[in-house]
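Each chain, letter by letter, is given below.
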Amino acid sequence: AFLDPNNARQLTLKWVHDASLDKVRSAWSDGFKNNLSASEVAALQPTIDQFTALFTQDAKPGDEYIFSAYPSGLVEVSINGKKAGSVTNKDFSKALW
């Protein structure tokens, strides 16, 4: 049920170590590149770029990132209780999960 794009989903990521902003962004980009085909990455690249741009500071221990996804393809990101932004793309949402 968690992977079903017709269900709303939420994931909380709690940081236990420091990570520079560059590392946070590159980890997301690398994750998509390592788990999708080259053509899928190419098709999603504008949304991947929009998503990684939501991260604007280094991660520190105790930071909490919440990712919420909805059947419409909307993915919302909150960092430490503040909305960082969102992207809307059903294929991206499916790839994220």
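Higher on the page you've got the structure.
Heads up: these notes are all about the structure in this document.

On to the overall build of the chain. Of regular secondary structure, the chain possesses three helices and four strands. The secondary structure elements of the chain, listed N-terminal to C-terminal, are β-α-α-β-β-β-α. Rg of the C-alpha trace for the chain: 13 Å, near the compact-globule value of 13 Å for 97 residues, within the 12% margin. A principal-axis box enclosing the C-alpha atoms of the chain has dimensions of 30 × 25 × 20 Å. A buried classification covers 33% of the 97 residues belonging to the chain.

Moving on: the sheet that holds strand E2 (residues 64–69). Read across the sheet, four strands follow the order E1-E2-E3-E4 without closing on themselves; strand pairing throughout is antiparallel. Edge positions in the sheet fall to strand E1 (9–14) and strand E4 (82–88), since each has one partner strand and no second. Recorded for the sheet is a direction-independent mean angle of 15° between the axes of neighbouring strands. Pairing between E2 and strand E3 (residues 74–79): five bridges, direction antiparallel. Counted as the bridge partner of serine 68 is glutamate 76 from E3. Contacts between helix H2 (residues 38–52) and the sheet are confined to E2, E3 and E4, with E4 contributing the most and set at about 175° to the helix.

On to the pairing of E4. Examined bridge by bridge, E3 and E4 share six bridges and lie antiparallel to one another. The residue of E4 that forms the bridge with glutamate 76 is serine 86. If you look at the hairpin formed by E3 and E4, you'll find two residues sitting between the two strands, and asparagine 80 has a positive phi there, around 55°.

In this section: the packing of aromatic side chains. Tallying each qualifying case throughout the model produces 12 aromatic pairs. With a centroid separation of 6.0 Å and an interplanar angle of 10°, the aromatic rings of tryptophan 28 and phenylalanine 55 are classed as stacked. One end of the pair, tryptophan 28, is in helix H1 (residues 21–35); the other, phenylalanine 55, is in the loop between H2 and E2, with 27 residues separating them in the sequence. Aromatic side chains phenylalanine 51 and phenylalanine 92 sit 5.1 Å apart centroid to centroid with 55° between the ring planes, which places their arrangement in the tilted category. Of the two residues, phenylalanine 51 is situated in helix H2 and phenylalanine 92 in helix H3 (residues 90–96); the sequence distance between them amounts to 41 residues. A relative accessible area of 0% places phenylalanine 92 in the buried class. Pairwise contacts between aromatic rings join Trp15, Trp28, Phe32, Phe51, Phe55, Tyr65, Phe67 and Phe92 into one cluster.

Rules used in this analysis
- Residues numbered from 1 in each chain as written.
- Predicted model: local features only at pLDDT ≥ 70, side-chain atom pairs only at ≥ 80, totals over all residues.
- Heavy atoms only, no water.
- Helix = DSSP H or I, 4+ residues; strand = E, 2+ residues; numbered from the N terminus.
- Rg over C-alpha atoms; globule rule 2.2 N^0.38 Å.
- Buried < 20%, exposed > 50% of the residue type's maximum accessible area, 1.4 Å probe, protein only.
- Pairing = 2+ DSSP bridges.
- Axes fitted to C-alpha atoms, helices over the stretch in contact; angles between N-to-C directions.
- Contact = heavy atoms within 4.5 Å.
- Phe/Tyr/Trp six-rings, centres within 6.5 Å; stacked < 30°, edge-to-face > 60°.

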